[in-house]
Structures are given as C-alpha cells and as structure tokens.
Amino acid sequence: MIEITDAAMTRIKGMQEEEGDYSLMLRVGVKGGGCSGLSYGLGFDAEKNEDDTFLDKSGLGVLIDGESRPVVNGLVIDYKENMMGGGFTLDNPNAILSCGCGASFRTKENVGTPENC
C-alpha cells in the first residue's frame, strides 16, 4: 500500500526517540487544502481508529484512515538531506497535478478543496 525508504525510516525512528515513545505509530493521511486541493498529513498517533488500516513497516506501526487509503495507495515516503537541511518527500503515483512547491496535489478521482494561493 505504501513504501517507506530506509532514510525515511531512520528519521522517523529518530523522531520517536525524541518523543521518548517507540510505541507511537505514524499516521499518514490526506486532507483538503493547498493550491491543488489536497495536502498530506504526517504525524504520530498513539491510538488506532475504527476505520484505520494498520501496516507494520519494519516494526513501525503505520495508520491510514479509510478516506485517505485510496489516495495514498502506492505512496513512497522518503527523507532527503541537503545543505539547507532535510525533509520528507512524498511520491504519489495517483497525483495528476501538484502545486509549484509540491505541498499539495490532486488525483483523477479527488480534486479536494483548493485554496487561493
């Protein structure tokens, strides 16, 4: 359903360590907004909701809510560092349009709720 690269996994595990709780699960979701209509949400969550899909990725629990599931199917989460710092990158094969900064997108089936940028 989704892939997390080794670089991203290392950074996520480091963030769990910073939080002091290795039981926290990574929540991956999509919400309306941004120039193109949809924006990603990544964060930690301690609880699984009823409509969540749970994935075990090398010992990391990953939660995806039911509404986001079809939109993030095939998503690749990576982490890249450069001289300006580092950040997560998300490569979604379902995205047919992205904004110039890459923070928002739309799919063929879901245009989201674009904001004026």
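Every value quoted in this text rests on a predicted model; they were computed, and no experiment measured them.

Rules used throughout
- Residues numbered from 1 in each chain as written.
- Predicted model: local features only at pLDDT ≥ 70, side-chain atom pairs only at ≥ 80, totals over all residues.
- Heavy atoms only, no water.
- Phe/Tyr/Trp six-rings, centres within 6.5 Å; stacked < 30°, edge-to-face > 60°.
- Core = buried A, V, L, I, M, F, W, Y, C linked by side-chain atoms within 4.5 Å.
- Buried < 20%, exposed > 50% of the residue type's maximum accessible area, 1.4 Å probe, protein only.
- Helix = DSSP H or I, 4+ residues; strand = E, 2+ residues; numbered from the N terminus.
- Contact = heavy atoms within 4.5 Å.
- Pairing = 2+ DSSP bridges.
- Axes fitted to C-alpha atoms, helices over the stretch in contact; angles between N-to-C directions.
- Expected span 1.5 Å × (residues − 1).
- Arc of directions from axis to C-beta.
- Salt bridge = Lys/Arg side-chain N within 4 Å of Asp/Glu carboxyl O.

*Asks:* Now, about the packing of aromatic side chains: what can you tell me, with residues and values included?
*Replies:* Counted according to the given criterion, the structure contains 1 aromatic pair. Ring centres of Tyr79 and Phe88 lie 5.0 Å apart, and the angle between their planes is 65°; this geometry places the pair in the edge-to-face category.

*Asks:* So what about the nonpolar core? Which residues, and what values?
*Replies:* In this structure, Ile2, Ile4, Val28, Val62 and Val72 are the most contacted members of the largest nonpolar core, which totals 20 residues. Secondary structure elements with two or more residues in this core: strand S1 (2–4), helix H1 (6–19), strand S2 (25–33), strand S3 (37–45), strand S5 (60–64), helix H2 (69–72) and strand S6 (75–82). Setting aside its immediate chain neighbours within four residues, Val62 contacts Ile2, Ile4, Leu26, Val28, Thr53, Phe54, Leu55 and Lys57.

*Asks:* How would you summarise the sheet that holds S1 if you had to cite specific residues and measurements?
*Replies:* Here we have 3 strands laid out as an open sheet, ordered S1-S6-S7, and mixed in their pairing. The open sheet terminates on both sides in strands that have one partner only, identified here as S1 and strand S7 (85–91). Taken pair by pair, the neighbouring strands of this sheet meet at an average axis angle of 20°, ignoring direction. The sheet contacts of H1 involve S1, S6 and S7, and relative to S6 the element is tilted by about 80°.

*Asks:* Got a sec to walk through H1? Specific residues and values, please.
*Replies:* Between its first and last C-alpha atoms H1 spans 20 Å; for 14 residues at 1.5 Å apiece the expected length is 20 Å, and the two agree. Those residues of H1 that sit buried are Ala8, Met9, Ile12 and Gln16. Buried residues of H1, viewed axially, fall in a sector of 100°; they line one side. Away from its buried face, by an angle of more than 90 degrees, H1 presents the exposed residues Asp6, Thr10, Glu17 and Glu18. Gly20 sits one or two positions beyond H1 and adopts a positive phi of about 75°.

*Asks:* So, the pattern of salt bridges: which residues are in play, and what are the values?
*Replies:* Scanning all chains against the criterion turns up 4 salt bridges. Salt-bridge contacts for Asp45 lead to Arg27; the nearest nitrogen and oxygen are separated by 2.8 Å. One end of the pair, Asp45, is in strand S3; the other, Arg27, is in strand S2, with 18 residues separating them in the sequence. Here Arg27 falls in the buried class, since its relative accessible area comes to 17%. The residue Arg27 makes a salt bridge to Asp52 at a minimum N-O spacing of 2.6 Å. Here the residue Arg27 occupies a position in strand S2, and Asp52 occupies one in the loop between S3 and strand S4 (53–57), the gap between them amounting to 25 residues.

*Asks:* I'd love a proper account of the environment of Met84, names of residues and values included.
*Replies:* Structurally, Met84 can be placed in the loop between S6 and S7. Considered as a pair, Met84 and Ser68 are 16 residues apart in the sequence and their alpha carbons are 31 Å apart.

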